[in-house]
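# Coordinate inspection notes
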Amino acid sequence: MKTEISICWLRRDLRIDDNAALYHALKGNYPVLLLFIFDTNILKKLCNRQDARVSFIHQTLEALNEKLKDYNSAIEIKHGTPEAAWADVLNTYQVKAIYANHDYEPYARERDDNLAEYLRSENIGFETFKDQVIFEKNEITKADGKPYTVFSPYFRQWQQQLKPFYIKPYPVHKYLGNLLKRKQLPIPNLSALGFEKAQLKFPGKNFSGKLTAYEQKRDFPAEDATTHIGLHLRFGTISIRQAVAHALNQKAEKWLSELAWREFYMMILWHFPNTIYQSFKPAYDRIKWINNESDFEKWRNGNTGYALVDAGMRQLNQTGYMHNRVRMVTASFLTKHLLIDWRWGEAYFAEKLLDYEQASNVGGWQWACGCGNDAAPYFRVFNPELQAKKFDPDNKYIHHWVPEIKQQKHVQPIVEHAFARERALRIFKEALQE
Ligand SMILES: Cc1cc2nc3c(=O)[nH]c(=O)nc-3n(C[C@H](O)[C@H](O)[C@H](O)COP(=O)(O)OP(=O)(O)OC[C@H]3O[C@@H](n4cnc5c(N)ncnc54)[C@H](O)[C@@H]3O)c2cc1C
């Protein structure tokens, strides 16, 4: 007879401590098997065989499996489409219930809806939980029940509703004895998944030392004063409740607000899933982009002749990370100075960023372009030279990434700032007046 079990399906919550779905699964009536699917629908879109996110997931699963040894358990790993993987799992085990945490991206929602429908027909329970944010979906709304579309009032409401209950960790450790006892099976190696080990270094998880000086230093890329936990929040190797608790303990309100930006964008994506393709403000989809391929290549490679832009793009290409201030400047430069569609830039960041998060990336790009969730009008055009003077006054960041500047060998600007600014204002205005 097949063993009756329940399954906790890990996706972007790769930890066993303080995990909502796992907690509820373990408190249920059946031994719990942890499952992870290397989803080929996602993997096939990655063009770099050394994609660092895949290596990160792989390494995290190995560490997780090691921990599970203490409970005589092991994670089940599948490689394929979710449909095929689930068919296999349901064939092997007598699955009584499935638990997972919410995921707000359009692809994930469709995947989960399809699974839910199938499981209903099979009479298998599928329970899902909020885990990766403090407040989700419709938990923070305006008085009329509609979603906020501007951050400041959203954040005020978010803070008002933030009670200790929401950051209480789930005491998963008490119930880990309910994991399904089974032999360790080797995790498929990266080459079996079609990938190779990435060469990039992953940021650590220890962020609390960065919070005291965060507000003063966060805007200066040479200071490297931000926490770099985006990757860990993305894959759930840090719990958001733990991060928010630290922010409150250390009275790091500015940092807290950045965590709230993250869930603001997730809420926006959940309510407006079409914004992955369309501008939040539809009139901006009338902009007549120039979309010059050669300019795009120069931008990607950090050869625009604008030091801060080039430094940022090189940092991204070499480390999988770019400082937030520089993300804003490079994104503004692409959309305003070069008049290249924000979707091109969004796709490039999605390919390169270790901390790529669809909601924040789309939100950040639309914000920089002026077509997103921002009260400021389109005529904010960052001057990359003034931004460099203000935020990298000693050229420390720039000299690190664009060392040829010291010998005055940096390429000439591909477009003149004043000309580009006027052109952007004209083209944006024309689109909005149509
Ligand atoms: C064009 C553009 C694209 C971006 N793409 C992404 C992306 O793909 N993934 C991503 O996580 N962030 C993105 N951001 C937001 C921000 O730049 C990064 O979150 C931040 O730079 C990550 O560095 P950190 O972990 O050191 O952040 P910290 O400053 O230490 O902040 C802590 C965490 O708060 C969240 N956060 C901080 N700022 C923002 C923000 N403005 N919007 C949403 N969340 C924020 C992140 O999860 C971050 O890890 C983008 C911003 C812009 C302008």
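Criteria and thresholds
Residues numbered from 1 in each chain as written. Predicted model: local features only at pLDDT ≥ 70, side-chain atom pairs only at ≥ 80, totals over all residues. Heavy atoms only, no water. Helix = DSSP H or I, 4+ residues; strand = E, 2+ residues; numbered from the N terminus. Rg over C-alpha atoms; globule rule 2.2 N^0.38 Å. Contact = heavy atoms within 4.5 Å. Buried < 20%, exposed > 50% of the residue type's maximum accessible area, 1.4 Å probe, protein only. Arc of directions from axis to C-beta. Polar contact = N/O pair within 3.5 Å; in protein donor to acceptor, adjacent residues only side chain to side chain. Expected span 1.5 Å × (residues − 1). Domains from an automatic or database assignment. Buried area = accessible area lost by both parts, 1.4 Å probe. Salt bridge = Lys/Arg side-chain N within 4 Å of Asp/Glu carboxyl O. Near = heavy atom within 4 Å. Areas by Shrake-Rupley, 256 points an atom, 1.4 Å probe, with all protein chains shown as cover. Nonpolar A, V, L, I, M, F, W, Y, C, P; charged D, E, K, R; others polar. Pairing = 2+ DSSP bridges. Axes fitted to C-alpha atoms, helices over the stretch in contact; angles between N-to-C directions.

### Concerning the overall build of the protein
- Helix and strand content of the protein: 18 helices and five strands.
- Its C-alpha atoms give the protein a radius of gyration of 23 Å, near enough to 22 Å, the size a compact globule of 434 residues would have.
- Judged by the C-alpha coordinates and their principal axes, the protein covers about 75 × 50 × 40 Å.
- Long-range contacts, defined as pairs at least 24 residues apart, comprise 81% of the intrachain contacts of the protein with a sequence gap of at least 6.

### So, helix H16 (residues 384-391)
- The complete set of buried residues in H16 reads Pro 384, Gln 387, Ala 388 and Phe 391. Projected onto a plane normal to the axis of H16, the buried residues spread over an arc of 100 degrees and lie on a single side. Relative to its buried face, H16 has exposed residues pointing more than 90 degrees away, namely Leu 386, Lys 389 and Lys 390.
- With a side-chain oxygen positioned 2.9 Å from the backbone nitrogen of Glu 385, the residue opening H16 is Asn 383.

### Regarding helix H13 (residues 324-337)
- The end-to-end C-alpha distance of H13, which contains 14 residues, comes to 19 Å, matching closely the 20 Å that a straight helix rising 1.5 Å per residue would cover.
- Of all the 14 residues making up H13, 13 are buried; the element is thus mostly covered by neighbouring parts of the structure.
- A positive phi of about 50 degrees marks Leu 339, the residue just after H13.

### Things to note about unusual backbone geometry
- Positive phi is not limited to glycine here, since Asp 18 has a value of about 45 degrees.
- One can find Asp 18 in the loop between strand E1 (4-10) and helix H1 (20-26).
- Given the relative accessible area of 7%, Asp 18 is considered buried.
- One non-glycine residue, Asp 224, adopts positive backbone phi at about 45 degrees.
- As for its position among the elements, Asp 224 is in the loop between helix H7 (214-217) and helix H8 (230-235).

### Brief notes about the domain arrangement of the protein
- Each assigned domain of the protein is listed with its residue range as follows: domain 1 (1-131), domain 2 (132-169 + 208-271) and domain 3 (276-429).
- For domain 1 and domain 2, the distance between their C-alpha centres works out to 26 Å.
- Taken together, the 19 residues of domain 1 in the interface contact 26 residues of domain 2.
- For the pair domain 1 and domain 2, the summed buried surface comes to about 2,000 Å²; carbon and sulfur atoms form 52% of the total.
- On the domain 1 side of the interface with domain 2, the three residues burying the most area are Arg 12, Tyr 104 and Lys 130, jointly 38% of the side's total.
- Our count for the contact surface shared by domain 1 and domain 2 stands at four salt bridges.
- A salt bridge links Lys 130 to Glu 139; its shortest N-O distance comes to 3.0 Å.
- Between domain 1 and domain 2 we count 16 residue pairs in polar contact (both at pLDDT 80 or more) in total.

### As for the site of the ligand
- Of all residues adjacent to the ligand, which total 27 residues, the nearest are Tyr 214, Thr 226, Thr 227, His 228 and Asn 324.
- Separating an oxygen atom of the ligand from a side-chain N or O atom of Thr 227 is a distance of 2.5 Å.
- With respect to the ligand, the side chain of Asn 324 contributes an N or O atom lying 2.7 Å from an oxygen atom.
- Burial of the ligand by the protein chains amounts to 96% of its free accessible area of 810 Å².
- Elements with a minimum of two residues in the shell around the ligand: H8, helix H10 (253-271), H13 and helix H15 (358-369).
- Counted by class, the shell around the ligand contains 14 nonpolar, eight polar and five charged residues.
- When residues of the shell around the ligand are assigned to domains, at least three map to each of domain 2 (132-169 + 208-271) and domain 3 (276-429).

### Brief notes about the sheet that holds strand E5 (residues 125-129)
- The strand order across the open sheet built from five strands is E3-E2-E1-E4-E5, with neighbouring strands paired in parallel fashion. In this open sheet, the two edge strands, each paired with only one partner strand, are strand E3 (76-80) and E5. Averaged over all pairs of adjacent strands, the angle between strand axes in this sheet comes to 25 degrees, irrespective of strand direction.
- Where strand E2 (residues 32-39) meets E3, five bridges bridge the pair, whose relative direction is parallel. Bridge assignment links Asp 39 to a residue of E3, and that residue is Gly 80.
- Along the sheet, helix H3 (residues 52-68) contacts E1, E2 and E3; its crossing angle with E2, the most-contacted strand, is approximately 165 degrees.

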